[in-house]
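# Structure assessment
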Amino acid sequence: MAKNLRPRRPPESGDTRPSPGAVLDRLTAGAGRASRITHTEHLPPRPGRHAIWPDRIRPEVINAIRAIGVEHPWAHQATAAEHALDRESVVIATGTASGKSLAYLAPVLSALLDGSEAPNGRGATALYLAPTKALAADQCRAVKELTAPLGTRVRPAVYDGDTPVEEREWVRQYATYVLTNPDMLHRGILPSHPRWSSFLRALRYVVIDECHTYRGVFGSHVAQVLRRLRRICARYGADPVFLLASATAAEPAVAAGRLTGVPVREVADDASPRGELVFALWEPPLTELHGEKGAPVRRTATAETADLLTDLTVQGVRTVAFVRSRRGAELISVIAKERLAEVDRSLPRRVAAYRGGYLPEERRALERALHSGELLGLAATTALELGVDVSGLDAVVIAGYPGTRASLWQQAGRAGRSGQGALAVLVARDDPLDTYLVHHPEALFQRPVESTVLDPDNPYVLAPHLCAAAAELPLTEDDLALFGPAAPGLMPQLEAARLLRRRASGWHWTRRERAADLADIRGEGGRPVQIVEEGTGRLLGTVDASAAHTTVHEGAVHLHQGRSYLVRRLDLEDSVALVEEAVPPYSTTARDITSVSVLDTDTEIPWGQGRLCLGSVEVTNQVVSFLRRKLVTGEVLGETKLDLPPRTLRTRAVWWTVTDDQLDAARIIPEQLGGALHAAEHASIGMLPLFATCDRWDIGGVSVPLHPDTGLPTVFVYDGHPGGAGFAERAFHTARSWLTATREAIAACECASGCPSCIQSPKCGNGNEPLDKRAAVRLLTELLKGAPAPEPE
């Protein structure tokens, strides 16, 4: 049964599973283990509050819901259903496993049953959008199980890239509940809307699941795809209601309205019960090794998580370890299997890796094994965070802060989903933000989750969707308001570029190629690079074009299904990386150099004598080398030069300057200036995800002792996506809090002169040289003296 459909019940009286506290005690029983826990948060169990379904829900639907064990809805489910029945768009922003799926399915299924009584048998349809294929496939299985008593009056079907060609026509003609993703809506359904006319004409509801994931560039693209959907629906006489489900988010109605473009009601009072959750913050110990510039090195979060996954598997504790990277998920799986083999030769097969980039049949096999309980432990990327049902998990280990509090709680909430107690462990990486959080637990447990950041008016996002819309139906003056205030100003540019042609009936797309191909909605910047085994020609998987320079360059180590490969050649023209199987005793990390030039300054405010600015910049970046690091310890073995072309990016940035007088007041001499700016830049990039819904890999930075465009010492932090993603703007508006936390993180670190936990960056192109920890603290202290009054959160 898919997520949120399984009824939550208290543990059975005969349940012999250990309490989460007992599981944690066992994990910390080893030598030195207890000292690694910096904080333990106990969230007590919470009783549920029931209600009754609105009387407009069809009795057949209520009976089907009762058949899966849900006698009465939680109060928030009934409230959300009432809004939906009143034809009000609504966002259900309650915790993981709070029953959001039933809240929207009850009114949707009622509408589909009403429609099944129409003369043509297809008087109502509904569309379900998920950010991942796995989630849509899992949800389809659950809906089929739920609606089995209703016969063929409700006909759910998945329509995505994995749907066989022979099935697609049936889905278009006969399915009443189509489950897909924004990518297929953008590239497949909307451009072919005449073939979908009967479905779109009858469209009553659009369900947008996990809507908090639609942030940054991806969220901005999806917002425009939804506007195109609304326009096409209006053409066919439909005006669908939007039903959104989200993990708890700040201002969910505002974020949902920005995403859909329509007013949205909010249901955020979670009435579902919750089992006890024990949440431990875990800091790996310092090793005897020294990294760059002699900095102390902590044991890696990867090695620590692999140990925890091993120990939990040996205990029979069902666990998912969430890992930030594909390579990390593979590596943790490999290490855990090796250690489990030393305990019991039957245990390694109970652990696997799960990540994006696998072929569809590999993903489905892993999902089935997890469902059946064949797997005890899984090292997974966020592809599983929003993926399949994992009811019955006892523990979650999170290898590194996932970038936002919303994601942290989403991942932690995957355990204990059947009502039993659960353990969650956040293992800190050697990183400024992770180190700050494990020593400032109030930043995690006493602050609300972040606001969702997206910018549908970004011209790099909006322009290709205007072209796609014109290809679907000629664009009229009246249509432009639907796409936002920036649309009218872009039309002359699109005409001048000969992308659109204006005629009496509106703007037309006149080119032979598909207009939808202009917009890469995942913001990945080009077609994926295929990873091919050189000796056999076998396709192993893919990597995003934007990540190819750093992940599959010549000499890179690539992991797939527990096996390691060396990249022999990266062919950028044909988008192919040729690899061969190998077992090198190291991992690889790319290094790059970056320069920034200011194009426009939109906003500029004084910070004492210094200035804080927001505007547009051009970034030039080139990957120049890669490091080889020992597995587990992270010790640097050597550096190899690379010859890759530079890439340019026009984006948005926040930057601040300081004057000579401020440098004098901070007692910074010229020899210290470069190191102070560089250290402040690194730490501020590391801390920004605490204030904007971004990952440090979504943003970049440059520091210059004398920048030609400002004439002053300057630190830039920029969005790593064309046109920007809203992160720099968020940084500008929260700059006082952001830079104060940055200063605190540097000052509080126990190291003497700088380390990865405060000012060293894993992606620094200059080898973390120069860096001056103490001068950075003095510089930020002086800068913050001139900061305006605190801005509202």
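Note that this is a predicted model, so its numbers are computed, not measured.

### Comments concerning the overall build of the protein chain
From N to C terminus, the protein chain includes 26 helices and 29 strands. In summary, the protein chain has a C-alpha radius of gyration of 26 Å against a globular reference of 28 Å for 793 residues, a match within 12%. Structurally, the protein chain occupies a C-alpha span of about 85 × 75 × 60 Å along its principal axes. Partitioning the contacts of the protein chain with sequence separation of at least 6, the portion at a separation of at least 24 is 74%. About 30200 Å² of surface is accessible on the protein chain, with carbon and sulfur atoms providing 50% of the total.

### Brief notes about the pattern of salt bridges
The tally for this structure, following the rule as stated, stands at 37 salt bridges. When the shortest N-O distance is used, the salt bridge between Arg195 and Glu169 registers 3.3 Å. Taken together, the residues Arg195 in the loop between helix H7 (182–189) and helix H8 (197–201) and Glu169 in helix H6 (residues 165–174) connect sequence positions 26 residues apart. Its relative accessible area of 48% is what places Arg195 among the partly exposed residues. Looking at Glu169, the relative accessible area reads 34%, which means it is partly exposed.

### Thoughts on the sheet that holds strand S19 (residues 529–533)
On the basis of which strands lie adjacent, the open sheet formed by five strands has the order S20-S19-S23-S22-S21 and mixed pairing. The strands lining the two open edges of the sheet, one partner per strand, are strand S20 (539–543) and strand S21 (557–560). Put simply, the sheet's adjacent strands are angled 35 degrees from each other on average, direction ignored. Seen against the sheet, helix H12 (residues 326–343) touches S20 and S21 and runs at an angle of roughly 65 degrees to S21.

### Overview of the environment of Glu681
Within the secondary structure layout, Glu681 lies in helix H23 (residues 670–687). Along the primary structure Glu681 and Arg774 are separated by 93 residues, whereas in three dimensions their C-alpha atoms are 14 Å apart. For Glu681, the residues in contact, after removing those within four places along its chain, are Gly701, Val702, Ser703, Val715 and Phe716.

### Digging into the sheet that holds strand S2 (residues 90–93)
Taking strand neighbours across the sheet as the criterion, the seven strands line up as S4-S5-S3-S6-S7-S2-S8 in an open arrangement whose pairing is parallel. Either end of the sheet is taken by a strand with one partner, and the two such strands are strand S4 (156–158) and strand S8 (265–267). When the angles between neighbouring strand axes are averaged without regard to direction, this sheet yields 15 degrees. Bridging between S4 and strand S5 (residues 177–180) involves three bridges; their strand directions are parallel. Bridge assignment links Ala157 to a residue of S5, and that residue is Val178. Packed on one face of the sheet, helix H5 (residues 133–147) meets strand S3 (125–129), S4 and S5 and runs near 165 degrees to S4.

### Side note on the environment of Val543
Here Val543 shows up in strand S20. Through-space distance from the C-alpha of Val543 to that of Leu289 is 33 Å; in sequence the pair is 254 residues apart. Not counting residues within four places of it along the chain, the set of residues in contact with Val543 comprises Arg326, Pro528, Val529, Ile531, Thr551 and Val552.

### With respect to helix H1 (residues 20–27)
Looking only at H1, the buried set comprises Pro20, Val23, Leu24 and Leu27. One side of H1 holds all its buried residues, which, seen down the axis, span an arc of 100 degrees. For H1, the secondary structure elements touched by its buried residues are strand S1 (37–43), strand S9 (277–282), helix H11 (301–314) and strand S16 (422–427).

### Quick word on the packing of helix H2 (residues 59–67) against helix H4 (residues 100–116)
Each pair of packed helices can be summarised by the angle the axes make with each other and by the distance between the axes. The interhelical angle for the contact between H2 and H4, taken along N-to-C directions, is 140 degrees, at an axis separation of 9 Å. On the basis of the axis angle, H2 is oblique to H4. Pair H2 / H4 crosses with right-handed handedness. Contacts from Glu60, Val61 and Ile65 of H2 reach H4 at Leu102, Ala106, Leu109, Ser110 and Leu113. Of the residues assigned to the contact of H2 with H4, the class counts are six nonpolar, one polar and one charged.

### Some remarks on the environment of Arg563
Mapped onto the secondary structure, Arg563 falls in strand S22 (residues 563–571). Once the C-alpha coordinates of Arg563 and Glu167 are considered, the two residues, 396 residues apart in sequence, prove to be 35 Å apart. Not counting chain neighbours up to four residues away, the residues in contact with Arg563 comprise His558 and Glu581.

### Quick notes on the packing of helix H9 (residues 216–235) against helix H18 (residues 459–472)
Here H9 crosses H18 at 20 degrees, and the two axes come no closer than 10 Å. If you check the angle between H9 and H18, you find them roughly parallel. Of the two possible hands of crossing, H9 and H18 adopt the one that is right-handed. Counting all contacts with H9, which are made through Ser220, His221, Gln224, Val225, Arg228, Arg231 and Ile232, the residues of H18 involved are Val461, Leu462, His465, Ala468, Ala469 and Glu472.

### Regarding the side chain of Thr28
Relative to the elements of secondary structure, Thr28 occurs in the loop between H1 and S1. The class for Thr28 is buried, based on a relative accessible area of 15%. Dropping the residues within four chain positions of it, Thr28 is found in contact with Arg33, Ala34, Ile37 and Trp282.

### Structural notes on the confidence of the model for the protein chain
Scored by pLDDT, the protein chain comes out at a mean of 89, with 93% of its residues at no less than 70. Note that residues 6–14 has pLDDT below 50 and, in this model, 22 contacts with residues that lie over four places away or in other chains.

### So, the nonpolar core
Judged by nonpolar contacts, the single largest core of 87 residues is most densely connected at Phe279, Trp656, Leu688 and Trp738. With eight residues, H23 is the single largest residue contributor to this core. With sequence-adjacent residues up to four places away left out, Phe279 is seen in contact with His39, Thr40, Glu41, Ile398, Leu408, Trp409, Ala412, Ala424, Leu426 and Phe445. Counting residues in hydrophobic clusters, the runner-up holds 43 residues, among them Ile65, Ala126, Leu150 and Tyr177.

### Notes on the packing of aromatic side chains
Using the criterion set out here, one finds ten aromatic pairs in the structure. An aromatic cluster is built from Tyr104, Tyr128 and Tyr177, whose rings are joined through pairwise contacts. Here Arg628 stacks its cationic end above the ring of Tyr586, 6.0 Å away from the centre of that ring.

### A word on the state of the cysteines
Scanning all chains against the criterion turns up zero disulfides. Among the cysteines around Cys211, which has no disulfide bond, Cys233 carries the closest sulfur, lying 19 Å off.

### Re H7
Counted residue by residue, H7 has six buried out of eight residues, so it is predominantly covered. All of the buried residues along H7 are Pro182, Met184, Leu185, His186, Gly188 and Ile189. For H7, the elements touching its buried residues are S3, H6, S5, H9 and H18.

The rules behind these values
- Residues numbered from 1 in each chain as written.
- Predicted model: local features only at pLDDT ≥ 70, side-chain atom pairs only at ≥ 80, totals over all residues.
- Heavy atoms only, no water.
- Helix = DSSP H or I, 4+ residues; strand = E, 2+ residues; numbered from the N terminus.
- Rg over C-alpha atoms; globule rule 2.2 N^0.38 Å.
- Contact = heavy atoms within 4.5 Å.
- Areas by Shrake-Rupley, 256 points an atom, 1.4 Å probe, with all protein chains shown as cover.
- Salt bridge = Lys/Arg side-chain N within 4 Å of Asp/Glu carboxyl O.
- Buried < 20%, exposed > 50% of the residue type's maximum accessible area, 1.4 Å probe, protein only.
- Pairing = 2+ DSSP bridges.
- Axes fitted to C-alpha atoms, helices over the stretch in contact; angles between N-to-C directions.
- Arc of directions from axis to C-beta.
- Parallel < 35°, antiparallel > 145°, perpendicular 65-115°, else oblique.
- Left-handed = near helix turned anticlockwise from the far one by under 90°.
- Nonpolar A, V, L, I, M, F, W, Y, C, P; charged D, E, K, R; others polar.
- pLDDT = per-residue confidence, 0-100.
- Core = buried A, V, L, I, M, F, W, Y, C linked by side-chain atoms within 4.5 Å.
- Phe/Tyr/Trp six-rings, centres within 6.5 Å; stacked < 30°, edge-to-face > 60°.
- Lys NZ or Arg CZ within 6 Å of the ring centre and 35° of its normal.
- Disulfide = S-S within 2.5 Å.

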